[in-house]
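# Close look at the chain arrangement
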2 protein chains.
Amino acid sequence: MTEHSNDHTSQSEHNHSHCIEQALETAESLCAEHGQRLTKVRRRALELIWQSHRPLGAYQLLAKLAEEGFNSAPPTVYRALEFLLSAGLIHKVESMNAYLGCAHADKPHKGYFLICDECQNVMEFDYQDIHKILIDKAATQGFQLRSETIELTGLCSSCQNGDDEGGCK
Amino acid sequence: MTEHSNDHTSQSEHNHSHCIEQALETAESLCAEHGQRLTKVRRRALELIWQSHRPLGAYQLLAKLAEEGFNSAPPTVYRALEFLLSAGLIHKVESMNAYLGCAHADKPHKGYFLICDECQNVMEFDYQDIHKILIDKAATQGFQLRSETIELTGLCSSCQNGDDEGGCK
DNA sequence: AACAAGAATGTTATTTTGTAACATTCTTGT
DNA sequence: ACAAGAATGTTACAAAATAACATTCTTGTT
């Protein structure tokens, strides 16, 4: 299980700069490997997505990019997102229309998410058992699986305990 | 497994009027049970969703309702959808922004879907094993599960065989 | 039958999310 | 330097969803 975002209150803004650095390094080498170009916008978009403690909407990202002098028209951000998605460097959380850094970009990645209804923090988990079960289940219907969207919501342990109430937005 | 939509070509428009009747009867009795009102728009919306052979977008539904003299402003359809969703009579397919009749509205329902990339037909399946596994998996993280979005895409058997190519839109 | 209260719907306007289409610029290999 | 393709800029629009407030419809009660 990867704790993608933090469990701390907004007071003690945990900086997960290590995760971000790691993610960017992975991104660099993956792109190099595949002859893809991690341009300035793309790189910065990925960084901003990682810096966010919860999934980031396209237009939120666009605003941040605009602040830094990047072009502020929608295609800019959607192109960057498309690139990052197809490179497997981020996931889209369909039920939130938001985007999230992928912690296992180097491995074949199915994004399985636990999303807290209260604080919107997201945990990504990699669970091969489920993957296999789903493939089998689909196969029994003659269905050939291509992609999986698994988004679970509920209450994270912090929010069950009331730890983050009001402090986590 | 419930074959929600048909496997036939557009030529032999399968009429699943039986499924629709069934769904509406279930809807009637569920609403009666819970003191909820299945009004004209709501009833007709549900019927139209069921009549569609694939998940129906809100605005597609709105257009159909408008044709029949219902009010044609967005809130009309979104209110109907909200009602049907919260009554468990339909599901939203998040990855398609589209809505689908629920075949097990009477039981506690988690909508698990197999969506064909080619013909967009959707099968809903009820798989308690997965449900249990997911609950357990979440619990090991102290996460209390509330809702599950499971949407699998790929190729249905017909489309793998090229059966429906061009005939299934 | 009249009436109050709440549910449902009507209406207008706006927000949020995502694309289409075409022009320009940048990068890379020759 | 230069051609070709990749990436980005620009303008306009489409698609999906909601806010806020007015009106009408139901239903239970007098």
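Quantities reported herein were computed from a predicted structural model and do not represent experimental measurements. (Residues numbered from 1 in each chain as written. Chains lettered and ligands numbered in written order. Predicted model: local features only at pLDDT ≥ 70, side-chain atom pairs only at ≥ 80, totals over all residues. Heavy atoms only, no water.)

## Notes on the pattern of salt bridges
- This structure, assessed with the given rule, holds 12 salt bridges over all chains.
- Here glutamate 68 of chain B and arginine 44 of chain B are joined by a salt bridge, their closest N and O atoms 2.7 Å apart. Here the residue glutamate 68 of chain B occupies a position in the loop between helix 3 (58–67) and helix 4 (74–86), and arginine 44 of chain B occupies one in helix 2 (residues 40–51), the gap between them amounting to 24 residues.
- Since its relative accessible area comes to 37%, glutamate 68 of chain B is described here as partly exposed.
- Exposure remark for arginine 44 of chain B: the relative accessible area of 21% places this residue in the partly exposed category.
- Several salt bridges share partner residues, and in doing so they unite Glu28, Arg43, Arg44, Glu47 and Glu68 of chain A into one network. (Salt bridge = Lys/Arg side-chain N within 4 Å of Asp/Glu carboxyl O. Helix = DSSP H or I, 4+ residues; strand = E, 2+ residues; numbered from the N terminus. Buried < 20%, exposed > 50% of the residue type's maximum accessible area, 1.4 Å probe, protein only.)

## Overview of the sheet that holds strand 4 (residues 122–125) of chain B
- Overall, mixed pairing links the 6 strands, which are arranged 4(A)-3(A)-5(A)-5(B)-3(B)-4(B) in an open sheet. The sheet terminates laterally at strand 4 (122–125) of chain A together with strand 4 of chain B, the two strands that pair on one side only. Across the sheet, the axes of successive neighbouring strands diverge by a mean angle of 20°, strand direction being ignored.
- With 11 bridges joining them, strand 5 (residues 144–155) of chain A and strand 5 (residues 144–155) of chain B adopt antiparallel strand pairing. Within the sheet, the bridge partner assigned to threonine 153 of chain A lies in strand 5 of chain B and is serine 147 of chain B. (Pairing = 2+ DSSP bridges. Axes fitted to C-alpha atoms, helices over the stretch in contact; angles between N-to-C directions.)

## Things to note about the packing of aromatic side chains
- Taken as a whole and assessed by the stated rule, the structure comprises 4 aromatic pairs over all chains.
- Ring plane angle 55° and centroid distance 5.7 Å describe the contact between tyrosine 112 of chain A and phenylalanine 125 of chain A, whose orientation is recorded as tilted. Note that tyrosine 112 of chain A is positioned in strand 3 (residues 112–116) and phenylalanine 125 of chain A in strand 4, a separation of 13 residues in sequence.
- Given the relative accessible area of 1%, tyrosine 112 of chain A is considered buried.
- Each ring, one from tyrosine 59 of chain B and one from tyrosine 78 of chain B, has its centre 6.1 Å from the other, and the planes form 70°; the classification is edge-to-face. Pair noted here: tyrosine 59 of chain B is in helix 3 and tyrosine 78 of chain B is in helix 4, with a separation of 19 residues, a long-range link.
- Looking at tyrosine 78 of chain B, the relative accessible area reads 37%, which means it is partly exposed.
- One cation-aromatic arrangement involves lysine 137 of chain B over tyrosine 127 of chain A; the distance from NZ or CZ to the ring centre is 4.4 Å. (Phe/Tyr/Trp six-rings, centres within 6.5 Å; stacked < 30°, edge-to-face > 60°. Lys NZ or Arg CZ within 6 Å of the ring centre and 35° of its normal.)

## Description of the UniProt feature "binding site: Zn(2+)" (unreviewed entry) in chain A
All names here are of chain A.
- Per the UniProt record, "binding site: Zn(2+)" (unreviewed entry) is found at Cys116, Cys119, Cys156 and Cys159. What stands out for the annotated residues spanning 44 residues is how close their C-alpha atoms remain, the widest pair being 8.3 Å apart.
- Among the structural elements, cysteine 159 can be located in helix 6 (residues 157–160). (UniProt positions renumbered as here; feature names shortened; annotations may be inferred.)

## Comments concerning the protein's contact with DNA strand C
- Among the 19 residues in the neighbourhood of DNA strand C, the closest are listed as Tyr59, Tyr78 and Lys92 of chain A together with Thr39 and Arg79 of chain B.
- Each atom of DNA strand C within 4 Å of the protein was classed as base or backbone; sugar and phosphate made up 49%.
- Here a base nitrogen of DNA strand C and a side-chain polar atom of arginine 79 of chain A are 3.4 Å apart.
- A distance of 2.4 Å is found between a base oxygen of DNA strand C and a side-chain nitrogen or oxygen belonging to arginine 79 of chain B.
- Elements with a contribution of two residues or more to the surface near DNA strand C: helix 3 (58–67) and helix 4 (74–86) of chain A together with helix 2 and helix 4 of chain B.
- Of the residues contributing to the surface near DNA strand C, the split by class is 9 nonpolar, 4 polar and 6 charged. (Near = heavy atom within 4 Å. Polar contact = N/O pair within 3.5 Å; in protein donor to acceptor, adjacent residues only side chain to side chain. Nonpolar A, V, L, I, M, F, W, Y, C, P; charged D, E, K, R; others polar.)

## Thoughts on the interface of chain B and chain A
- The partner chain A presents 33 residues to the 33 residues of chain B that form the contact.
- Buried area between chain B and chain A, both sides added, is near 3100 Å², and the carbon and sulfur share of it is 63%.
- Applying the counting criterion to the chain B and chain A interface returns 2 salt bridges.
- One salt bridge in this structure joins arginine 146 of chain A and aspartate 117 of chain B, with 2.8 Å as the shortest N-O distance.
- Joining chain B to chain A, the criterion identifies 14 residue pairs in polar contact (both at pLDDT 80 or more).
- At 12 residues, the largest contribution of residues to the side of chain B that touches chain A is made by strand 5 of chain B.
- Class assignment of the residues belonging to the side of chain B that touches chain A gives a composition of 17 nonpolar, 10 polar and 6 charged. (Contact = heavy atoms within 4.5 Å. Buried area = accessible area lost by both parts, 1.4 Å probe.)

## Notes on the protein's contact with DNA strand D
- Taken together, 18 residues are adjacent to DNA strand D, and Thr39 and Arg79 of chain A together with Tyr59, Tyr78 and Lys92 of chain B come closest.
- In the interface set of DNA strand D, defined as its atoms within 4 Å of the protein, sugar plus phosphate atoms amount to 52%.
- Taking lysine 92 of chain B, its side chain carries an N or O atom lying 2.5 Å from a phosphate oxygen of DNA strand D.
- Between a phosphate oxygen of DNA strand D and a side-chain N or O atom of tyrosine 99 of chain B, the distance comes to 3.3 Å.
- Broken down by secondary-structure element, the contributors of at least two residues to the surface near DNA strand D are helix 2 (40–51) and helix 4 of chain A together with helix 4 of chain B.
- The biggest single contributor to the surface near DNA strand D is helix 4 of chain B, with 4 residues.
- Along the lines of polarity and charge, the residues of the surface near DNA strand D split into 8 nonpolar, 4 polar and 6 charged.

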